[in-house]
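Here are the chains, one letter per residue:
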Amino acid sequence: QLPLFRLTMKRLFSTSHSSVDSEEIKKFQVLAHKWWDEEGEYSALHSMNDIRVPFIRDTLLNMSSNYYLGSPLSGVKILDVGCGGGLLSEPLGRLGALVTGIDPLEDNIRTADQHKSFDPVLAKRIQYKSSSLEEIVEECMETFDVIVASEVVEHVADLEMFIKCCSQVLKPEGSLFITTINKTQLSYILGIVVAEKIIGVVPEGTHEWEKFVPPEELECLLESNGFSVKAVNGMLYNPLSGSWSWMESTSVNYALHAVKSGAQGQPSPTDALSELENDQPSATAGTAV
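These remarks concern the structure in this document. These figures come from a predicted structure and were not determined experimentally.

As for the side chain of Thr-143
(1) Moving on: For Thr-143, the location among the structural elements is in the loop between helix 7 (133-136) and strand 4 (144-150).
(2) Moving on: Within polar-contact distance, the side chain of Thr-143 engages the backbone oxygen of Cys-140 at 2.9 Å.
(3) Moving on: Leaving out residues up to four positions away in the same chain, Thr-143 has contacts with Lys-77, Val-169 and Lys-171.

Structure representation (structure tokens):
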């Protein structure tokens, strides 16, 4: 009777209280087949790889002395939450990481699976699953070295629950990388009015300003859930060149790196190492926190 009871409780939990917003799912359903069109609706996410991939790679390399030339992230277990069509999972896989990409939308996973199948190396390193974050918590407790949630937190229904789940599936001393949009007047003008309504670089209706997350709020949530925030870097998108760059201001887009505390809640050796690295000139511009 007990397994049946647990299954019933799990179903109740996952249907009654989920970080997945069903309205958001409907928006992305329409575009599920367009992820790999570099000139299409997701062009800004394609070009974001030029800065978000080095940010993840360089931060992790600064925290570790064990890496392999050509495959710097070899053996690192990464969870890509809200992976969409695999735009970030694939370059991380090419760096040697073992990537699990999850997305609640089955059509996104189908697109991601189909695209990785063209590359036999990626097909071995990346696995995709149609799932929400809380649905994998039970089977993946403290499984991953790294979690990436890029352009995801502004779409979730319950941000605190999302952060809690990140902490549960991340190993002690593991890294969490988030990119998202600040909640400012400027982000409303640039992120919604200009990007969606005027130049159409993002499909109209993609974002709701009310769900944008100020970095202070995100830092507070992370720190109250056992994370130490290491860096917050401002990001700027230039719609004319279609390229991203780092900037000091976090008033529109920003990238954040946080580390989960060690098993006893003590600062970890990697914390000390990354503090040391923060004193050095970094490959990624921005402000260390």
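A short note on empty space enclosed by the protein
(1) Moving on: Enumeration according to the criterion identifies 1 cavity of 30 Å³ or more in this entry.
(2) Moving on: By volume, the largest cavity is sized at about 50 Å³.
(3) Moving on: Along its surface, the largest cavity is lined by Arg-52, Phe-55, Ile-56, Leu-88, Val-148, Ala-149, Ser-150, Phe-177, Ile-178, Thr-179, Ala-255 and Leu-256.
(4) Moving on: Where the lining of the largest cavity is concerned, the elements lending two or more residues are helix 3 (43-62), strand 4, strand 5 (170-181) and strand 8 (253-260).

Here's the deal with the pattern of salt bridges
(1) Moving on: Tallied over the full model, the rule gives 10 salt bridges.
(2) Moving on: A salt bridge links Glu-106 to Arg-110; the shortest N-O distance between them is 3.8 Å. Placement of both Glu-106 and Arg-110 in helix 5 (residues 106-116) is noted, with a separation of 4 residues, approximately one turn of the helix.
(3) Moving on: Salt-bridge contacts for Lys-171 lead to Asp-145; the nearest nitrogen and oxygen are separated by 3.0 Å. On the criterion of sequence distance, the pair formed by Lys-171 in strand 5 and Asp-145 in strand 4 is long-range, its members being 26 residues apart.
(4) Moving on: Judged by its relative accessible area of 29%, Lys-171 is partly exposed.
(5) Moving on: One network of salt bridges, in which partners are shared, links Glu-106, Asp-107 and Arg-110.

Here we look at the pairing of strand 8
(1) Moving on: The buried fraction of strand 8 is high, at 8 of 8 residues.
(2) Moving on: Residues Asn-253, Ala-255, His-257 and Val-259 of strand 8 are buried on one face, and the alternating residues Tyr-254, Leu-256, Ala-258 and Lys-260, pointing to the opposite face, are buried as well.
(3) Moving on: Note that strand 5 and strand 8 share 7 bridges and pair antiparallel. Bridging from a neighbouring strand, Ile-181 pairs with Asn-253 of strand 8.
(4) Moving on: Here strand 6 (residues 227-238) pairs with strand 8 via 8 bridges, running antiparallel. Bridge pairing in strand 8 places Ala-231 opposite His-257.

About the thresholds
Sequence order as written defines residue numbering, which begins from 1 separately in each chain. Side-chain atom pairs in this predicted model are given and counted only at pLDDT of 80 or more, local residue features only at pLDDT of at least 70, and totals for whole chains, interfaces and linings cover all residues. Just so you know, side-chain values use all the structure's heavy atoms and leave hydrogens and water out. Helix numbering and strand numbering both begin at the N terminus, where a helix is a DSSP run of H or I of at least 4 residues and a strand a DSSP run of E of at least 2. Polar contacts, as counted here, are pairs of nitrogen or oxygen atoms within 3.5 Å of one another; within protein the pair requires one atom able to donate a hydrogen and one able to accept it, and residues that are adjacent in sequence qualify only if both atoms are side-chain atoms. Any two residues whose heavy atoms approach within 4.5 Å at even a single point are treated as in contact. Whether a set of points on the 1 Å grid over the protein atoms alone is a cavity depends on a 1.4 Å probe fitting there but being unable to get out, while an open set qualifies as a pocket with protein on both sides within 12 Å along at least five of seven lines; lining residues are those with an atom within 4 Å of a point. Grid points are joined across faces, edges and corners, and a volume is the space filled by probe spheres set on the points. The term salt bridge refers to a side-chain nitrogen of Lys or Arg lying within 4 Å of a carboxyl oxygen of Asp or Glu. Burial classes follow relative accessibility: with a 1.4 Å probe on protein chains only, a residue under 20% of its type's maximum area counts as buried, one over 50% as exposed, and anything between as partly exposed. Each pair of strands is called paired provided DSSP finds at least two bridges between the two strands.

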